[in-house]
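# Fold and contact review
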Amino acid sequence: MCIRDRYMGISYNYFLREGLMKVTSIILLSLAFAAISAQVIQIVPVVSSTRTATCPGGFQPSSCGCGLKCGSTHMTFGRKKQCHCQCVPTDWSVAHCMQLRTEQNIDMGLVVTEAHTSTLYATCPAGTKATGCSCGNTRGDYLIHNQVTCQCLTADSGWTKAYCAKPADARYELHCQYRKVAANPVTATPGLIAVGCSCGNSCNSYTLANNQCNCHPGCGSTWTAINECRVAKTPAAIAAEQAAAAAAKRAAEEAARQAAAAAAKRAAEEAARQAAAAAAAAAAKRAAEEAARQAAAAAAAKKAAEEAARKKAAEEAARQAAAAAAAKSCRCCCCCCIESC
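Report on the accompanying structure. Since the structure is predicted, the reported quantities are computational estimates derived from the model, not experimental observations.

### A closer look at the overall build of the chain
Looking only at helices and strands, the chain features 3 helices and 20 strands. With 341 residues in all, the chain has 39% of them scored as buried. Within the chain, contacts between residues separated by at least 24 positions form 69% of all contacts whose residues are at least 6 apart in sequence. For the chain, the accessible area works out to roughly 17600 Å², and carbon and sulfur atoms hold 60% of it.

Okay, structure coming up:
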């Protein structure tokens, strides 16, 4: 026997089928939108047959929904991340659980707080964006202004809560827009992820699936609103990354310049070494040639001297031989030496 919403005839089983069974498609859709968004926002609806719905680990509730047209909810952000429906009776509850991931598919963490006032308006603190709202006295129709202020539309709401979120990583921020249209269902703008819905006529029975807000037809809502967000780096983070990139580029250019200068110095030193070696080789060659020339000259001089000495000796020997021959052919007569006749 399924649980029936006595106001609208919507069953818990219907809601479970339309919401929880589409978790996988929602995650895949979120991953598809990552091609457009800088980061990935994942929304997983967790449906419970009680007044409390609990998000899985790593997820935070961004907005809540309740059965029996109950629009009064409360979130807890401690060890358990939960949505509590405050109406009695309430036959089902749903927590729209959000997770933020970086380009590297790493959970960057999500910080969700609650701004609570006793008026019709509640404004989120600086640096956060309203992902959902809640109104007192079971009222469920609200508007979000300028991404940060929740307005309950029924004068007897009694109180207003704004659920305010920001990335845990200070380098990132949420950018959200709230669109109210006289149509149903409403699909999120390309590049954005639906994180919360609102329906007119104090209706709080809707499904958030396939990046689409769908107010249940039996609710009698005259309009549908969608709160859609994306994650982007802050201007300061972008400026810091650009400065770091510029510094890295300058460092790389300086390293390249120094490497080129060192290479040029080594090349010059090598060229000088080779030139010196060539000069030394040339000088050694010239010295060797000169030494060879001098050796050849000395050898020639020695040979000439030896030849002159030999010639002189030969001449002296010839002279002495001639003198000896002449001495033999003479005779002495009257105390004179007379040549023979």
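Let us keep going from here.
### A short note on the state of the cysteines
Tallying each qualifying case throughout the model produces 9 disulfides. Linked covalently through their sulfurs, C124 and C164 form a disulfide whose S-S length is 2.1 Å. Between C124 and C164, the S-S dihedral sits near -85 degrees, and the bridge is therefore left-handed. Linking C124 in the loop between β8 (121-123) and β9 (129-135) with C164 in strand β12 (residues 160-167), this pair joins segments that are 40 residues apart in sequence. Residue class for C124 comes out buried when judged on its relative accessible area of 8%. Exposure remark for C164: the relative accessible area of 0% places this residue in the buried category. Residue pairing for C199: its cysteine sulfur links by disulfide to C215, the two sulfurs lying 1.9 Å apart. Negative torsions about the S-S bond denote left-handed disulfides, and the value of about -95 degrees found for C199 with C215 makes this one left-handed. Pair noted here: C199 is in strand β15 (residues 193-199) and C215 is in strand β17 (residues 212-215), with a separation of 16 residues, a long-range link. Of the two residues, C199 and C215, both sit in the buried class.

### Quick notes on the packing of aromatic side chains
For any two aromatic rings, the description comes down to two numbers: the centre-to-centre distance and the angle of the planes. Inspection of the entire model under this criterion finds 1 aromatic pair. Across from the ring centre of W159, 4.8 Å away, lies the NZ or CZ of K161, which sits over that ring. The side chain of K180 reaches across the aromatic face of W223, ending 4.6 Å from its centre.

### Observations concerning the sheet that holds β17
Whether parallel or antiparallel, the strands of a sheet pair through hydrogen bonds between backbone atoms. One open sheet accounts for 3 strands, arranged β14-β17-β16; its pairing is antiparallel. At either margin of the open sheet sits one strand with a lone partner, and together these are β14 (186-187) and β16 (206-209). Relative to β17, β16 is paired through 4 bridges, and the arrangement is antiparallel. Following the sheet pairing, Y206 is matched in β17 by C215.

### Focus on the side chain of N211
Relative to the helices and strands, N211 resides in the loop between β16 and β17. Residue class for N211 comes out buried when judged on its relative accessible area of 6%. Engagement of the side chain of N211 in a polar contact is seen with the backbone nitrogen of A194, the distance being 2.8 Å.

### So, the sheet that holds strand β18 (residues 224-233)
With respect to topology, 3 strands assemble into an open sheet ordered β13-β18-β15, the strand pairing being antiparallel. The open sheet has two edge strands, β13 (172-181) and β15, and neither has a second partner. This sheet shows a mean twist of 20 degrees between the axes of neighbouring strands, independent of strand direction.

### A closer look at the environment of A170
Tracing the sequence through the fold places A170 in the loop between β12 and β13. Residue classification places A170 among the exposed positions, given a relative accessible area of 69%. Along the sequence, A170 and G127 sit 43 residues apart, while their C-alpha atoms lie 9.5 Å from each other.

So, how was this worked out
- Just so you know, the residues in each chain are numbered from 1, in the order the chain's sequence is written.
- In keeping with the model being predicted, local features are shown solely for residues with a pLDDT of at least 70 and side-chain atom pairs are shown and tallied solely at 80 or more, while totals for entire chains, interfaces and linings include all residues.
- Derived side-chain values reflect all non-hydrogen atoms in the structure, with water molecules and hydrogen atoms excluded from consideration.
- The numbering of helices and of strands both runs from the N terminus, where a helix is a DSSP run of H or I of at least 4 residues and a strand a run of E of at least 2.
- Exposure classes here rest on a 1.4 Å probe applied to the protein chains alone. A residue is buried below 20% of its type maximum, exposed above 50%, and partly exposed in between.
- The contact rule is simple, with two residues in contact once any of their heavy atoms fall within 4.5 Å.
- Here the accessible surface of atoms and residues is derived via Shrake-Rupley with a 1.4 Å probe, and residues count as covered only by protein chains that are part of the display.
- Disulfides are defined as pairs of cysteine sulfur atoms found within 2.5 Å of each other.
- Think of it this way: a Phe, Tyr or Trp ring, Trp meaning its six-membered ring, pairs with another when their centres are within 6.5 Å, and the plane angle makes it stacked under 30 degrees, edge-to-face over 60, tilted otherwise.
- The criterion for a charge sitting over a ring is simple: Lys NZ or Arg CZ within 6 Å of the ring centre, and within 35 degrees of the ring normal.
- In this scheme, strands are said to pair when DSSP sees at least two bridges between them.
- Pairs of N or O atoms are called polar contacts if they sit within 3.5 Å, as long as, within protein, a hydrogen donor faces a hydrogen acceptor (for residues adjacent in sequence, only side-chain-to-side-chain pairs).
- Helix axes are fitted only over the stretch in contact, all axes being lines through C-alpha atoms; the angle between N-to-C directions runs from 0 to 180 degrees.

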